[in-house]
Amino acid sequence: MVTGTPMRNAQHAALDVFLGKWTARGMSYGGTGHSGDVPKSNGEPWVSTHEGAWHTGSFFLVQDERADIAGSRFDTLSILGVDPQTGRYFARSFENHGFYRHYRLTRTGKVWTLTGDMERATTTFADNNRTQNIEWEWKRGDAWIPLCDRIAVRVD
């Protein structure tokens, strides 16, 4: 249990890299025919926009994404923050197909990593934090295989 009032700190400020409006393009490889043998053989085009903004108080960053994957809608609402009990980053994700995910979020320089039980992602910032190189993987049996990759560019 947290005692006292949470204090905003440098960890919160580091999340600023996710702020703003972004457009992304890439490929999605997750499908029923997806295998570890040829993991990128069934890629479908990914086009999306997302926006990151601080929730009131600037303790939690809200990211809203609208994606089209070969004509199918995939929308995700995510909340990123710092757990005041542990001092560790976290991310919670809710998507339009009814799934909810809880991820551990870590940072090493310009690389942010989301890690869940069945999915993980690496976002590498470049071009003075105006480009995100995003690579998702998912666990199929004991192996991690590509789920999607895309490049997001900040538009504001």
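The structure this text deals with has already been given above.
Residues numbered from 1 in each chain as written. Predicted model: local features only at pLDDT ≥ 70, side-chain atom pairs only at ≥ 80, totals over all residues. Heavy atoms only, no water.

Enquirer: I keep staring at the pattern of salt bridges and nothing clicks. Help me out?
Expert: Note on pairing: side chains with opposite charge can pair once their charged atoms come close. Using the criterion set out here, one finds seven salt bridges in the structure. Ionic pairing is found between Arg 150 and Glu 65, a salt bridge with its closest N-O pair at 3.5 Å. Residue Arg 150 is found in strand β10 (residues 143-154), and its partner Glu 65 is found in strand β3 (residues 60-69); the two are separated by 85 residues along the sequence. A salt bridge links Glu 137 to Arg 120; the shortest N-O distance between them is 2.6 Å. Linking Glu 137 in strand β9 (residues 131-140) with Arg 120 in strand β8 (residues 119-126), this pair joins segments that are 17 residues apart in sequence. With a relative accessible area of 27%, Glu 137 lands in the partly exposed category. (Salt bridge = Lys/Arg side-chain N within 4 Å of Asp/Glu carboxyl O. Helix = DSSP H or I, 4+ residues; strand = E, 2+ residues; numbered from the N terminus. Buried < 20%, exposed > 50% of the residue type's maximum accessible area, 1.4 Å probe, protein only.)

Enquirer: Whenever I open this one, the packing of aromatic side chains confuses me. Can you help?
Expert: Two aromatic rings are characterised by how far apart their centres lie and by the angle between their planes. The final tally for this structure, using the stated rule, is eight aromatic pairs. Judged by centre distance (6.3 Å) and plane angle (70°), the ring pair of Trp 22 and Phe 125 falls under edge-to-face. A residue pair is termed long-range when its members are at least 10 positions apart, and Trp 22 in strand β1 (residues 20-28) and Phe 125 in strand β8 qualify at 103 residues. Grouping aromatic residues by their ring pairs yields a cluster made of Phe 18, Trp 22, Tyr 89, Trp 112 and Phe 125. Taking the ring centre of Trp 54 as reference, the NZ or CZ of Arg 8 above it sits at 4.7 Å. (Phe/Tyr/Trp six-rings, centres within 6.5 Å; stacked < 30°, edge-to-face > 60°. Lys NZ or Arg CZ within 6 Å of the ring centre and 35° of its normal.)

Enquirer: Is there a simple way to explain the side chain of Ser 28 in this structure?
Expert: Following the sequence through the fold, Ser 28 ends up in strand β1. Excluding anything up to four places from it in sequence, Ser 28 contacts Asn 42, Gly 43, Glu 44, Trp 46, Ile 69, Leu 147 and Cys 148. (Contact = heavy atoms within 4.5 Å.)

Enquirer: Explanation requested: the side chain of Thr 131 in the structure shown.
Expert: Within the secondary structure, Thr 131 sits in strand β9. A distance of 2.7 Å separates the side chain of Thr 131 from the side chain of Asp 127, its partner in a polar contact. (Polar contact = N/O pair within 3.5 Å; in protein donor to acceptor, adjacent residues only side chain to side chain.)

Enquirer: Honestly, the sheet that holds strand β2 (residues 44-54) in this entry has me stumped. Any pointers?
Expert: Strand pairing within a sheet occurs via backbone hydrogen bonds; the two strands may be parallel or antiparallel. Here we have ten strands rolled up into a closed barrel, ordered β1-β2-β3-β4-β5-β6-β7-β8-β9-β10, and antiparallel in their pairing. Across this sheet, the average inter-strand angle for adjacent strands is 25°, counted without regard to direction. (Pairing = 2+ DSSP bridges. Axes fitted to C-alpha atoms, helices over the stretch in contact; angles between N-to-C directions.)

Enquirer: Any chance you could explain the environment of Ala 126 here in plain terms?
Expert: Here Ala 126 lies in strand β8. Assessed through its relative accessible area of 27%, Ala 126 is described here as partly exposed.

Enquirer: Would you take a moment to explain a nonpolar patch on the surface for this structure?
Expert: On the surface, a cluster of nonpolar side chains totalling about 270 Å² of accessible area is made up of Leu 77, Phe 94 and Tyr 100. For Leu 77, a relative accessible area of 35% translates into the label partly exposed. (Patch = residues over 30% accessible without salt bridge, like charges linked within 9 Å, V, L, I, M, F, W, Y side chains within 5 Å. Areas by Shrake-Rupley, 256 points an atom, 1.4 Å probe, with all protein chains shown as cover.)

Enquirer: What exactly am I supposed to notice about the environment of Ala 91 here?
Expert: Relative to the assigned elements, Ala 91 resides in strand β5 (residues 89-95). The class of Ala 91 is buried, set by a relative accessible area of 4%. When the C-alpha atoms of Ala 91 and Gly 81 are compared, they prove to be 6.6 Å apart, with ten residues separating the residues in sequence. Filtering out sequence-adjacent residues up to four positions away, Ala 91 remains in contact with Ile 79, Leu 80, Arg 101, His 102, Tyr 103, Leu 105 and Leu 114.

Enquirer: Sorry if this is basic, but what is going on with the pairing of strand β4 (residues 72-82) here?
Expert: Remark: a regular strand shows side chains that alternate across the two faces of the sheet. Pairing between β3 and β4: ten bridges, direction antiparallel. Bridge assignment links Phe 60 to a residue of β4, and that residue is Gly 81. As consecutive antiparallel partners, β3 and β4 are separated by two residues, and within that stretch Ala 70 has a phi angle of approximately 50°, a positive value. Of the pairings in the sheet, the one linking β4 to β5 comprises seven bridges and is antiparallel in character. Bridging across to β5, Thr 76 finds its partner in Glu 95. Taking the residues between adjacent antiparallel strands as the criterion, β4 and β5 are bridged by six residues, where Gly 87 takes a positive phi near 75°.

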